[in-house]
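Okay, here's what each chain looks like letter by letter:
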Amino acid sequence: MPDDIVTTQLPPAPSALRHPEKAANPDRPAPRKPDWLRVKAPVSKEYHETRRLMRELKLNTVCEEAACPNIGECWQQKHATVMILGSVCTRACAFCNVATGQPDKLNPHEPEHVGEAVAGLGLQHVVVTSVDRDDLDDGGAEHFVRTIRAIRERSPGTTIEILTPDFLRKPGAIEKVAEARPDVFNHNLETVPRLYATVRPGARYFHSLRLLDMVKQIDPGIFTKSGIMVGLGEERAEVLQVMDDLRAADVDFMTIGQYLQPTPKHHAIEKYVTPEEFASYRTMGFGKGFLMVASSPLTRSSHHADADFARMRAAREAKLAAAAV
């Protein structure tokens, strides 16, 4: 493989340090990546400028923490997905590269720093996500609300997309965040229900579906979004059933991307799904009524989020105009 081709921006830290709960897992080396999953190393001036700003404001990004393969492309366009509530997650999902363990103390200035970063980068659209914080009474809901307000104050023209945890057993948290009226409320199902026990053991599939349904009930004007990974051992029929479940909850936007194994201790890759299969999922998704479907090997929740938001908003406007005729 040529020297300028990589799959992540940096080698992941040893799993024993970031993921102590996985240290005893057997090694499951990933199969060789196909050509369609190879991306260039990030070298652009804009990439380094974005990285510098995140460091200056002491902000975490899911782009780095999750070793996203699209970091070079996104940061070249100054699109960074900010990760709030610290950098350590209280969950231990089998697919995720974000560190797990004792969570950080909340930084009370983090929402203001996010607002400053959004204004400094001149973003038209921003994605804000977080680690899971099961240790907090509200799961971090108030921190999301403060972050949304800070962005609106510093950059009122920016549309805001949030990608939240499930707020499992946190009464009132979903309502609190939805009432802050982000433009897009994203919560990922991640995989098909059959695989939850091994892939996402701390979560509950139908609770996550209920979260998305509740957001629409609270404010039908908020766009809702969810995504899954494929290549974890799911069957095609199960993916189509997830599509139906999301449409039953009136979800507007679905993303489907290839699972990439962060370390040999993480869940094994069962299959590299071909670009043709992704294209088929995209066609099926639009046929089921989603306003927007992003489905490709390198699709991630926030990849091309700004352009996809514009397409989704235009699709809703066209649908409403057609209904009015």
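Residues numbered from 1 in each chain as written. Predicted model: local features only at pLDDT ≥ 70, side-chain atom pairs only at ≥ 80, totals over all residues. Heavy atoms only, no water.

Student: Help me out: how do you make sense of the environment of Arg194 in this one?
Tutor: Position of Arg194 among the secondary structure elements: in the loop between β7 (184-186) and α8 (196-199). Between the alpha carbons of Arg194 and Glu234 there is a distance of 8.1 Å; along the sequence they are 40 residues apart. When sequence neighbours within four positions are dropped, the list of residues in contact with Arg194 reads Gly233, Glu234, Glu235 and Glu238. Polar contacts involving the side chain of Arg194 include one to the main-chain carbonyl oxygen of Gly233, which spans 3.0 Å. (Helix = DSSP H or I, 4+ residues; strand = E, 2+ residues; numbered from the N terminus. Contact = heavy atoms within 4.5 Å. Polar contact = N/O pair within 3.5 Å; in protein donor to acceptor, adjacent residues only side chain to side chain.)

Student: Just checking my understanding: could you explain helix α6 (residues 141-154) for this structure?
Tutor: An α-helical turn contains 3.6 residues, so any two residues separated by three or four positions project in the same direction. With 14 residues, α6 extends 20 Å between its outermost C-alpha atoms, agreeing within 8% with the 20 Å of an ideal straight helix rising 1.5 Å per residue. Taken residue by residue, α6 has Ala141, His143, Phe144, Val145, Thr147, Ile148, Ala150 and Ile151 as its buried positions. Against β4 (82-84), α5 (110-121), β5 (125-130), β6 (159-163) and α7 (173-178) lie the buried residues of α6. (Expected span 1.5 Å × (residues − 1). Buried < 20%, exposed > 50% of the residue type's maximum accessible area, 1.4 Å probe, protein only.)

Student: Help me understand the confidence of the model for the protein chain, please; the structure alone is not making it clear to me.
Tutor: Close inspection of predicted coordinates is inappropriate for parts of the model with low pLDDT. Per-residue confidence for the protein chain gives a mean pLDDT of 88; residues scoring 70 or more make up 87%. In this model residues 1-14 is a low-confidence stretch, pLDDT under 50, and it forms 25 contacts with partners more than four residues away in sequence or in other chains. (pLDDT = per-residue confidence, 0-100.)

Student: Sorry if this is basic, but what is going on with the sheet that holds strand β10 (residues 292-295) here?
Tutor: Strand-to-strand pairing in sheets goes through backbone hydrogen bonds, with the strands running parallel or antiparallel. As summarised here, the arrangement of the 8 strands in space is β3-β4-β5-β6-β7-β8-β9-β10, forming an open sheet in which the pairing is mixed. Two strands lie at the open edges of the sheet, namely β3 (60-61) and β10, each paired on one side alone. Bridge count for strand β8 (residues 223-230) against strand β9 (residues 253-258) is 6 bridges, and the pairing is parallel. Note on β9: the bridge partner recorded for Val230 is Gln258. Contacts from helix α12 (residues 305-324) reach β5, β6, β7, β8, β9 and β10, with the element oriented near 125° to β8. (Pairing = 2+ DSSP bridges. Axes fitted to C-alpha atoms, helices over the stretch in contact; angles between N-to-C directions.)

Student: What exactly am I supposed to notice about unusual backbone geometry here?
Tutor: Outside of glycine, negative phi angles account for most residues, and trans bonds account for most peptide bonds. Of note in this structure, Leu85 is not a glycine but carries a positive phi near 70°. Considering the arrangement of structural elements, one finds Leu85 in the loop between β4 and α5. A residue is classified by how much of its surface remains accessible, and Leu85, at 1% relative accessible area, is buried. One non-glycine residue with positive phi stands out, namely Phe167, at about 50°. By secondary structure assignment, the location of Phe167 is in the loop between β6 and α7.

Student: How should I be thinking about the packing of aromatic side chains in this particular structure?
Tutor: The geometry of an aromatic ring pair is captured by the separation of the ring centres together with the interplanar angle, meaning the angle of the planes. All told, the structure shown has 4 aromatic pairs when counted by the stated rule. Both rings, one in Tyr196 and one in Tyr205, keep their centres 5.6 Å apart while their planes meet at 90°; by these two values the pair is edge-to-face. We classify Tyr196 as buried; its relative accessible area is 5%. Ring geometry for Phe223 versus Phe309: centroids 5.7 Å apart, planes at 85°, classification edge-to-face. A residue pair is termed long-range when its members are at least 10 positions apart, and Phe223 in strand β8 and Phe309 in helix α12 qualify at 86 residues. As far as the burial class goes, Phe223 and Phe309 line up, both buried. One aromatic cluster is present, formed by Tyr196, Tyr205 and Phe206 through successive ring pairs. The positively charged end of Arg247 is found above the aromatic ring belonging to Phe290, 5.5 Å away from the centroid. When the ring centre of Phe223 is taken as origin, the NZ or CZ atom of Arg316, which lies over that ring, is 3.7 Å away. (Phe/Tyr/Trp six-rings, centres within 6.5 Å; stacked < 30°, edge-to-face > 60°. Lys NZ or Arg CZ within 6 Å of the ring centre and 35° of its normal.)

Student: Could you clarify how one ought to interpret the state of the cysteines in this entry?
Tutor: A covalent bond between the sulfur atoms of two cysteines is what we call a disulfide. Under the counting rule described, the total for this entry stands at 0 disulfides. No disulfide involves Cys89; its nearest neighbouring cysteine sulfur is the one of Cys96, lying 6.5 Å away. We note that Cys93 lacks a disulfide partner, and the nearest cysteine sulfur, in Cys96, lies 6.3 Å from it. (Disulfide = S-S within 2.5 Å.)

Student: Is there a simple way to explain the pattern of salt bridges in this structure?
Tutor: Side chains that differ in sign of charge can pair as their charged atoms come close. Following the criterion strictly, the structure yields 20 salt bridges and no others. For the salt bridge of Lys271 with Glu277, the shortest nitrogen-to-oxygen distance reads 2.8 Å. In this structure Glu277 comes out as partly exposed when scored by relative accessible area, which is 24%. The salt bridge involving Arg311 is made with Asp308; its shortest N-O contact spans 2.9 Å. Here Arg311 pairs with Asp308, and both are found in helix α12, just 3 residues apart, close to one helical turn. Take Arg311: its relative accessible area is 47%, and that puts it in the partly exposed class. Taking the relative accessible area as the measure of exposure, Asp308 reaches 6% and is therefore buried. (Salt bridge = Lys/Arg side-chain N within 4 Å of Asp/Glu carboxyl O.)

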